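Observations on the model geometry
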Amino acid sequence: MRKVMSNMNWMILALLAVTLTAVAQQPASAPQNPQPVTATQPGQTAGQPSPAQSGQAPSNLAPPTTMDQVVDRVIMREKDLIKFLSPRTPIVETYLQNLQQDPQLGPIPQDDHYFLGRMDLSESIDRSDYLEGKGKDKDEGMEKHLLGGLTKKFKFQYQPLGFSWMIFADRNDFDRQHYDFHYARREFLGDVRCLVFDLTPRKDAGRGRFLGRIWVEDQDFSIVRLNGTYARPSRNNYYFHMDSWRLNLVPGYWVPAYIYSEEGDFTAGAKNKIAFKAQTRMWGYNLKVGTANDELTNIRVDSVKDDTPTAQDATPLAAEREWQQQAEDNVVERLERAGLLAPEGDVDKILQTVVNNIEITNNIELPRPVRTRVLTTSPLETFSVGNTIVVSRGLIDVLPDEGSLAMVLSHELAHIVLGHNLGSQYAFNDRMLFSDEGTYQNLGFKHIPEEEAAADKKAVEMLKASPYAQKLETAGLFIKALQQRAPSLSALLQAHLGNNITENGTVTRMAQLATSAPALDWNKLDQIAALPLGGRVKLNPWDDKVEIVKAQPVAITSARDKMPFEVTPFYPRLSRYSTASAPPATTAAGPTTTATAAHASSSPTN
Ligand SMILES: [Zn+2]
């Protein structure tokens, strides 16, 4: 068991050095509301989180003394949130695993589905998809948008939007005319003390009304969690059960972040039409809504000075490298702007350390240092453009240890060392002018099979000369576990920008390492070949930054606890916004700047 723990702890240890100084600087208890409290400006819209109206706004009102007053406040805060989010188009990702019962391992994935799109939260809730062939149901009316799924003859169809519906309890009619509120109890969620209410739709409230429980924090009375379903579906329709969590990422607002859905059970004699688990994640709230036309008018002139030391023209090779770097920078910037690449951060430092370890022991000297970045999405994929290696959040999640991370990175490093450069066409800036939803159609970094084989060969060579040479057994086990699950995880294994790790259900990437690995044995509790999704990397839904989860590993007590590559419920530790723990909304040229300006210009008139 000790070995298991040390395996699971590798990233926490690696991160320790990086975060130690930051922790030391953090005050023991951060102030809740660092901004001065002023009255809400009547002219202000709820579109920007200004210090005046955020969080502090309710504290100007007298604290509620009866439960009825609390309910009024909850309703008011929910309407504020709907208004606050209405100009935004966050990214919404749903990953779903249909389940089958395995006598030894319990419910395991049978097949899977993946949805990725942008959600427009303005008038109603609408979405547009990044993936082709999805989201063509825009004209089918509100009822279908609201549903989790519908049965057509013998086939069950999932409606992508169905999973994201529970970001609000009821977007249009969240009030006492439609709902009865019953106070249940007080309860802590993480650091946040909550009041718990059960909500039932009133008799004549109509179809599709929320039925379940809400958790309300006890300072501003914002909803922080919703758990339940929608009442009275029509025939052949389903409303899924959902558990929906919000995070306090901007002052005064709790932003919808995670939704877990689950249906079906495997008790003896149960007859389910459907059995699945699904995770929905939202991020990119602070992304700018922009089109190609906006970008053309947004000309940057702040760094026009050429600071290269020599006044010479570039040699042909230097020019070629310049060109590649320009393509690389274009791609990185474009992906970040689309919300698909996390801003540079501490996770990159960990990945870069592993890359450095391989480089130094192999005497690799590159003209420019290798950079690493994290793709914000779940499907397991990697690619490289120029000297930047990109690894998806989902892939980092499921890797069991540092050796297997080295395996993943070494393949991309091999492409760079061998000069398999892709993407130089993106040095032409017109190729960056496409809508965010068109990212997957407009960018691609797939190598030909010969380069894939050559990169694998070179990668194994480099690994054998690296500090990870003695730690490749677990990497091989990871390949074996992936091989066993691959046929039922085609959506998770579908790469959208790089090469697939598998072809037709067979692992091709770095498959050689599996030959020297021990036998895969689910009953061996100290053998951790792959982890569940969501355990390692935490994505901030507001600014898209990623960090490593610092949770204590829980001891595994049966084979069913391993859940490799699987979806699990969310249980985030809730805490209130503080400047020390959460990055403020000032990071992009967005809301705070405008909000401060609006606030400053309106105060003299009051
Ligand atoms: Zn490759």
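All values derive from a computational prediction rather than experimental measurement. (Residues numbered from 1 in each chain as written. Predicted model: local features only at pLDDT ≥ 70, side-chain atom pairs only at ≥ 80, totals over all residues. Heavy atoms only, no water.)

Moving on to the overall build of the protein chain. The number of helices and strands found in the protein chain is 15 helices and 20 strands. Contacts spanning at least 24 positions in sequence make up 67% of the contacts within the protein chain whose residues lie at least 6 apart. When the accessible surface of the protein chain is summed, it comes to about 27700 Å², and 52% of that surface belongs to carbon and sulfur atoms. (Helix = DSSP H or I, 4+ residues; strand = E, 2+ residues; numbered from the N terminus. Contact = heavy atoms within 4.5 Å. Areas by Shrake-Rupley, 256 points an atom, 1.4 Å probe, with all protein chains shown as cover.)

With 14 residues, helix 13 (residues 472-485) should reach 20 Å at 1.5 Å per residue; the first-to-last C-alpha distance of 20 Å fits that figure. Extensive coverage of helix 13 is indicated by the burial of ten of its 14 residues. Against the buried residues of helix 13 lie strand 2 (106-120), helix 9 (393-398), helix 10 (402-417), helix 12 (449-464), strand 18 (506-507) and helix 14 (512-515). (Expected span 1.5 Å × (residues − 1). Buried < 20%, exposed > 50% of the residue type's maximum accessible area, 1.4 Å probe, protein only.)

Within the protein chain, residue pLDDT values average 80, and 75% of them lie at 70 or more. The low-confidence segment residues 134-146 (pLDDT under 50) makes 27 contacts with residues lying over four places distant or belonging to another chain. (pLDDT = per-residue confidence, 0-100.)

Under the criterion given, the structure shown has 28 salt bridges. The partner of E328 in a salt bridge is R371, with the nearest N and O atoms 2.8 Å apart. Placement of E328 in helix 7 (residues 316-337) and of R371 in strand 14 (residues 371-375) is noted, with a sequence separation of 43 residues between them. On the basis of relative accessible area, E328 is assigned to the buried category, the value being 0%. The class of R371 is partly exposed, set by a relative accessible area of 27%. E336 is the partner of R373 in a salt bridge, and the nearest nitrogen-oxygen pair spans 2.6 Å. Of this pair, R373 sits in strand 14 while E336 sits in helix 7, and the two are 37 residues apart along the sequence. On the accessibility criterion, E336 (31% relative accessible area) is partly exposed. By sharing partners, the salt bridges in this structure join R193, E217, D218 and R576 into a single network. (Salt bridge = Lys/Arg side-chain N within 4 Å of Asp/Glu carboxyl O.)

Taken in spatial order, the three strands line up as 14-16-15 in an open sheet, and their pairing is mixed. Edge strands, defined here as strands with exactly one partner in the open sheet, are strand 14 and strand 15 (382-385). Here the average twist between neighbouring strands, direction ignored, is 25 degrees. Where strand 15 meets strand 16 (residues 388-392), four bridges bridge the pair, whose relative direction is antiparallel. The residue of strand 16 that forms the bridge with F383 is V390. Contacting strand 14, strand 15 and strand 16, helix 7 crosses the sheet at an angle of about 25 degrees to strand 14. (Pairing = 2+ DSSP bridges. Axes fitted to C-alpha atoms, helices over the stretch in contact; angles between N-to-C directions.)

The coordination sphere of the zinc ion, as far as protein atoms go, consists of H411 (NE2), H415 (NE2) and E452 (OE), spread over 1.9 to 2.1 Å. When the donor residues of the zinc ion are listed from N- to C-terminus, their spacing reads H-x3-H-x36-E. Here the residue H415 occupies a position in helix 10, and E452 occupies one in helix 12, the gap between them amounting to 37 residues. Note on H415: relative accessible area 1%, which makes it buried. (Donors = N, O, S within 2.8 Å, 3.2 Å for Na, K, Ca; no water.)

With that settled, the discussion passes to the pairing of strand 16. By the criterion of burial, strand 16 is predominantly enclosed, with five of the five residues buried. Here strand 16 shows two buried faces, one formed by T388, V390 and S392 and the other by I389 and V391. Pairing of strand 14 with strand 16, which is carried by five bridges, proceeds in the parallel orientation. Of the residues in strand 16, the one forming a bridge with R373 is V390. Between strand 15 and strand 16, which follow one another and run antiparallel, lie two residues, and G386 among them has a positive phi close to 60 degrees.

Between its first and last C-alpha atoms helix 12 spans 23 Å; for 16 residues at 1.5 Å apiece the expected length is 22 Å, and the two agree. Along helix 12, the residues that are buried comprise E452, A455, D456, A459, V460, M462 and L463. Take helix 12 and look down its axis: the buried residues cluster within an arc of 160 degrees, on one side only. Facing away from the buried side of helix 12 by more than 90 degrees, the exposed set consists of E450, K457 and K464. Where helix 12 is buried, its residues meet helix 8 (346-361), helix 10, helix 13 and helix 14. (Arc of directions from axis to C-beta.)

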